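# Commentary on secondary and tertiary structure
Spelled out from the first residue to the last, the chains are:
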Amino acid sequence: MKKVVVIGAGIAGLSAGIYALQSGFDVTILEQHTIPGGNCTSWKRNGYLFEGGLHWLTGSSQNTPLHQVWLNIGALTDDTAIHLKDILYTYYYNGQEVYLYRDLDKLEKHWSTLSPEDAPAVQSLCRDIKLFGKVGMPVQDIKGVKVQIKNKMSLSMLFTLIPLFSKLRKYESLSVRELSEKFKHPAIRTLLQNIVGENLTASALLFTLGCFSSGDGGYVEGGSLRMALNIAKRFTDLGGNIQYTSRAEKVILAEGKAVGVLTKGQIIPADAVIVATDTVRAIDNLFDTPLHEPWMDQMRSNVKFMADTFICLGVEADLSNLPENMLFSLEQPLSIAGQKHSIFALHNYAAYEGYAPKDCSALTTIFMGDTYSYWKTQKENGTYETEKQKVAEEVIRLLEQKLPQTAGKVSVVNVATPLTYERYCDTYHGSWMTLMEKGDKMTTYPSVSESIHNLYFAGQRIQTPGGLPVAAHTGRKAIQYLCKDTNTVFQGQL
């Protein structure tokens with residue numbers, strides 16, 4: 001039995017570990033943190049649970065190929081509760097509530113009634129969303145690998161892709177903001193700009209809305225950490241070993257091969273190493289000299305990222321009568337970490353059990369944009385904690401203004417900056433995903449080194465734009481390359 005060492009117990013590393021165990025390898029995962037999950041995480045503060053990663057899960061629907069991956073690695077079970085709320089966002093605009101519905105018929109009727117002059121554009125958008133919703137993320141086998149159960153794209157999926165190609169080119173050439181500007185009503189424009197971010201390629205928005213409209217993209221009960229713990233349990237139940245608080249210091253190379261990993265001053269021997277941490281940081285920091293292969297240099301030069309400021313609020317008030325996702329316009333732009341914001345977005349978890357003490361509510365808000373350099377400067381100047389406190393006070397003031405029932409009832413505040421995610425998850429500039437902007441196309445990088453034998457890569461940088469589905473899929477893919485190289489039958493359940 002060959003020994004595999006996986007670096008990182010995020011979703012990619014856990015996925016790789018499980019598929020390696022199923023295929024007959026002996027697996028140890030090294031994780032620098034005290035818990036699994038990486039960016040798929042949540043945390044508790046004084047009785048409040050704050051969701052720090054998962055907002056919706058692609059593949060939560062049983063009708064998607066990716067669903068079987070989630071079942072196989074233990075993220076979901078047949079009785080896992082998936083929440084599929086029809087109203088995805090509520091925007092409070094000039095005294096009225098404007099909704100983003102999951103149901104496209106409701107959405108088309110609601111927006112067309114709101115703005116009759118936008119009706120043709122709304123109808124066209126809904127038709128395109130429905131088309132994007134027919135295409136789930138495919139899960140395929142790599143060429144040349146021996147598999148226990150073959151998996152390939154169905155003919156029906158291939159036929160569905162054909163009409164999508166022209167639409168994909170259309171939306172890749174637009175930013176979300178440019179797409180939104182095709183609509184005359186300010187509320188419609190604002191809703192579209194605040195789902196995935198106004199600077200992203202419009203194709204990212206269409207795929208997201210298509211996911212929602214197809215009945216996918218639900219929220220998993222218990223959220224990020226619960227899902228990560230479920231996967232970690234699946235891994236250890238299969239006989240795998242996770243060593244927490246064990247930061248990988250270096251991948252050991254000998255005669256052009258990866259032969260082990262240095263952690264806590266000791267070398268763990270390995271017949272293969274799977275690097276499942278942030279690829280950009282890993283290729284620069286985990287080797288005696290930074291690795292340079294054409295695809296690695298391409299990744300370095302093309303990496304774009306979202307490094308947001310994330311605020312968590314524990315409120316001693318029952319807000320379960322309010323929507324889950326709320327948007328408010330601001331009369332005066334709000335300055336957060338050196339950037340101006342005209343919209344205040346709130347995620348309300350009051351309807352979920354276990355997120356707050358009785359009759360209390362957990363709220364989060366994300367201010368999107370690259371704030372890494374700002375917070376890095378504050379840290380270097382010694383003003384980091386003071387600046388976080390200012391942000392917290394400003395957000396509380398805003399919350400009490402928009403929701404007067406919260407006045408004087410905020411008992412817990414927690415501010416997570418990109419430096420927080422960099423510290424705990426070792427991600428490049430503390431970013432969650434790779435940013436795809438107007439004109440960018442989805443890029444898939446190799447899961448295997450071209451110059452070093454027995455060295456493989458997994459994680460959301462391997463395929464843009466990243467996210468949990470890519471993390472799980474690339475973990476599976478890395479083990480397929482390992483199986484191919486060792487003439488082993490890949491025995492994942494999918």
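None of these values were measured; they are calculated from a predicted model.

### Comments concerning the overall build of the protein
Tallying secondary structure elements over the protein gives 15 helices and 19 strands in all. Relative to a compact globule of 494 residues, whose C-alpha radius of gyration would be 23 Å, the protein shows 23 Å and is just as compact. For the protein, the spread of C-alpha atoms along the principal axes amounts to about 70 × 55 × 45 Å. For the protein, buried positions account for 58% of its 494 residues. Approximately 20800 Å² of the protein is accessible, and the part contributed by carbon and sulfur atoms is 49%. Between the centroid of the 48 positive side chains of the protein and the centroid of its 49 negative side chains there is a distance of 4 Å.

### Quick notes on the sheet that holds strand S10 (residues 248-254)
Across the sheet, 3 strands lie side by side as S10-S11-S12; this open sheet has antiparallel pairing. In this open sheet, the two strands that pair with only one neighbour each are S10 and strand S12 (266-269). For this sheet the average axis-to-axis angle between neighbouring strands, irrespective of direction, equals 35°. Where strand S11 (residues 257-263) lies against S12, 4 bridges are found, and the strand directions are antiparallel. Across the sheet, residue Thr263 finds its bridge partner in S12, namely Gln266.

### Quick look at the environment of Gly223
Within the secondary structure, Gly223 is located in helix H9 (residues 223-237). A sequence separation of 184 residues divides Gly223 from Asn39, and the C-alpha atoms of the two residues are 12 Å apart. When near neighbours in sequence (up to four residues on either side) are disregarded, Gly223 contacts Glu51, Leu54 and Tyr355.

### Some thoughts on helix H13 (residues 384-402)
The end-to-end C-alpha distance of H13, which contains 19 residues, comes to 27 Å, matching closely the 27 Å that a straight helix rising 1.5 Å per residue would cover. When H13 is considered as a whole, its buried residues turn out to be Tyr384, Glu387, Lys388, Val391, Ala392, Val395, Ile396, Leu398, Leu399 and Lys402.

### Re helix H3 (residues 104-114)
Taken together, the buried positions of H3 are occupied by Leu104, Leu107, His110, Trp111, Ser112 and Leu114. Where the residues of H3 are buried, they touch strand S7 (96-101), helix H4 (119-133), helix H7 (186-193) and helix H8 (202-213). Near the N-terminus of H3, the side chain that reaches the backbone nitrogen of Asp105, with its oxygen 2.9 Å away, is that of Asp103.

### Re the pattern of salt bridges
Per the counting criterion, the structure on display carries 25 salt bridges. Across the salt bridge formed by Lys167 and Asp128, the nearest N and O atoms sit 3.2 Å from each other. Of this pair, Lys167 sits in helix H5 (residues 155-172) while Asp128 sits in helix H4, and the two are 39 residues apart along the sequence. Classification of Lys167 by relative accessible area gives partly exposed; the value is 26%. Between Arg281 and Glu422 there is a salt bridge; the shortest N-O distance is 3.7 Å. With Arg281 in helix H10 (residues 279-285) and Glu422 in helix H14 (residues 418-425), this pair connects stretches of sequence that are 141 residues apart. Here Arg281 and Glu422 have matching classes, each one buried. When salt bridges that share partners are traced, they join Arg247, Arg281, Glu422 and Asp426 into one network.

What counts, and where the lines are drawn
- Residues numbered from 1 in each chain as written.
- Predicted model: local features only at pLDDT ≥ 70, side-chain atom pairs only at ≥ 80, totals over all residues.
- Heavy atoms only, no water.
- Helix = DSSP H or I, 4+ residues; strand = E, 2+ residues; numbered from the N terminus.
- Rg over C-alpha atoms; globule rule 2.2 N^0.38 Å.
- Buried < 20%, exposed > 50% of the residue type's maximum accessible area, 1.4 Å probe, protein only.
- Areas by Shrake-Rupley, 256 points an atom, 1.4 Å probe, with all protein chains shown as cover.
- Lys, Arg positive; Asp, Glu negative; His and termini not counted.
- Charge placed at Lys NZ, Arg CZ, Asp CG, Glu CD.
- Pairing = 2+ DSSP bridges.
- Axes fitted to C-alpha atoms, helices over the stretch in contact; angles between N-to-C directions.
- Contact = heavy atoms within 4.5 Å.
- Expected span 1.5 Å × (residues − 1).
- Polar contact = N/O pair within 3.5 Å; in protein donor to acceptor, adjacent residues only side chain to side chain.
- Salt bridge = Lys/Arg side-chain N within 4 Å of Asp/Glu carboxyl O.

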